[in-house]
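Take a look at the letters that make up each chain.
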Amino acid sequence: EAGVVQSPRYKIIEKKQPVAFWCNPISGHNTLYWYLQNLGQGPELLIRYENEEAVDDSQLPKDRFSAERLKGVDSTLKIQPAELGDSAVYLCASSLTDRAPYGELFFGEGSRLTVL
Amino acid sequence: AQTVTQSQPEMSVQEAETVTLSCTYDTSESDYYLFWYKQPPSRQMILVIRQEAYKQQNATENRFSVNFQKAAKSFSLKISDSQLGDAAMYFCAYRNNNDMRFGAGTRLTVKP
């Protein structure tokens, strides 16, 4: 069974440019998460989807970040325009459900963004 | 909001020895789950062990075990017979209905 797939693995852009990250969760997983991970830190939630509905986007900087999960399967996270401080790893994760009993989250390998 | 604290930014252990990583958390909930995740360099995070708060028995997975102290809100990870492949960042995580939060992580070095 394929795991969580993310692309691109690495992206280098200049500030003010747009960038997009793509995530395909494990088949059948209804819940999808986007996390931001700064160097040497733990992941911080950006947005959580239950199927196609964004159920928690309170930490998403909506002035420059946007996300979508059409048809409740794969998802795209966009930054426009990118700033120097956006350099980080963007992690996608999925889980079977967002209801108890809470199972584990399965993570992708991440997309490392460098903004110059 | 729930917070997860890992007070040890770095830990080191000799191969074949035992090491304990600390984690404390803050919550007003009674029903929640706790996790330890491992993140090797440039690789994806994988689950090490999971503990349900309603279970008093500490979870174990082969060489990995936890010491769950609910009243103290403490959830430490013990790695026995450490191996070189255990070297990684270890993240403690808390999950309940509305939230999953991670600690800042502990970098574990295993010395041959």
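Data block above holds the structure.
Residues numbered from 1 in each chain as written. Chains lettered and ligands numbered in written order. Predicted model: local features only at pLDDT ≥ 70, side-chain atom pairs only at ≥ 80, totals over all residues. Heavy atoms only, no water.

1. Let's talk about the pattern of salt bridges
Residues and elements named next belong to chain A.
Alright, step 1. Per the stated rule, a full pass over the model turns up 8 salt bridges over all chains.
Alright, step 2. Notably, a salt bridge pairs Arg9 with Glu109, separated by 3.4 Å at the nearest N-O pair. Of this pair, Arg9 sits in the loop between strand 1 (5–7) and strand 2 (10–13) while Glu109 is found in the loop between strand 10 (106–107) and strand 11 (111–115), placing the two residues 100 residues apart along the sequence.
Alright, step 3. Here Arg9 falls in the partly exposed class, since its relative accessible area comes to 27%.
Alright, step 4. What makes Glu109 partly exposed here is its relative accessible area of 39%. (Salt bridge = Lys/Arg side-chain N within 4 Å of Asp/Glu carboxyl O. Helix = DSSP H or I, 4+ residues; strand = E, 2+ residues; numbered from the N terminus. Buried < 20%, exposed > 50% of the residue type's maximum accessible area, 1.4 Å probe, protein only.)

2. Comments concerning the interface of chain A and chain B
Alright, step 1. Contacts between the two partners involve 22 residues from chain A and, on the opposite side, 18 residues from chain B.
Alright, step 2. Between chain A and chain B, the buried area comes to about 1800 Å², and carbon and sulfur atoms account for 48% of it.
Alright, step 3. When residues of chain A are sorted by the area they lose upon contact with chain B, Tyr102, Glu104 and Phe107 of chain A head the list and together hold 35% of the total.
Alright, step 4. At the surface where chain A touches chain B, the tally comes to 0 salt bridges.
Alright, step 5. Applying the counting rule to chain A against chain B returns 4 residue pairs in polar contact (both at pLDDT 80 or more).
Alright, step 6. Among the elements of the structure, strand 4 (31–37) and strand 9 (88–95) of chain A are those that each provide at least two residues to the side of chain A that touches chain B.
Alright, step 7. Take the side of chain A that touches chain B: its biggest share by element is 3 residues, from strand 4 of chain A.
Alright, step 8. When the residues that make up the side of chain A that touches chain B are grouped by side-chain class, the tally is 8 nonpolar, 8 polar and 6 charged. (Contact = heavy atoms within 4.5 Å. Buried area = accessible area lost by both parts, 1.4 Å probe. Polar contact = N/O pair within 3.5 Å; in protein donor to acceptor, adjacent residues only side chain to side chain. Nonpolar A, V, L, I, M, F, W, Y, C, P; charged D, E, K, R; others polar.)

3. Comments concerning the pairing of strand 8 (residues 75–79) of chain A
All names here are of chain A.
Alright, step 1. For strand 8, the buried fraction is high: 4 of the 5 residues fall into the buried class.
Alright, step 2. Examined bridge by bridge, strand 3 (residues 19–24) and strand 8 share 5 bridges and lie antiparallel to one another. Bridged to Val19 within strand 8 is Ile79.
Alright, step 3. Sheet topology note: the strand 7 (residues 65–68)/strand 8 ladder contains 4 bridges and is antiparallel. Its bridge partner being in strand 8, Phe65 is matched across the sheet by Ile79.
Alright, step 4. In textbook terms, the turn of a hairpin is the stretch between consecutive antiparallel strands, and for strand 7 and strand 8 this stretch comprises 6 residues, one of which, Lys71, has a positive phi near 65°. (Pairing = 2+ DSSP bridges.)

4. Notes on the sheet that holds strand 1 of chain A
Residue and element names in this part refer to chain A.
Alright, step 1. One open sheet accounts for 4 strands, arranged 1-3-8-7; its pairing is antiparallel. In the strand order of this sheet, the two ends are held by strand 1 and strand 7, each with one partner. With direction set aside, neighbouring strand axes in the sheet form an average angle of 15°. (Axes fitted to C-alpha atoms, helices over the stretch in contact; angles between N-to-C directions.)

5. A few points about the packing of aromatic side chains
Alright, step 1. Applying the stated criterion across every chain, the model contains 14 aromatic pairs over all chains.
Alright, step 2. Each ring, one from Phe65 of chain A and one from Tyr90 of chain A, has its centre 6.4 Å from the other, and the planes form 40°; the classification is tilted. Of the two residues, Phe65 of chain A is situated in strand 7 and Tyr90 of chain A in strand 9; the sequence distance between them amounts to 25 residues.
Alright, step 3. Of the residues examined, Phe65 of chain A reaches a relative accessible area of 6% and is grouped as buried.
Alright, step 4. Grouping aromatic residues by their ring pairs yields a cluster made of Tyr33, Tyr35 and Phe107 of chain A together with Phe35, Tyr37 and Phe102 of chain B. (Phe/Tyr/Trp six-rings, centres within 6.5 Å; stacked < 30°, edge-to-face > 60°.)

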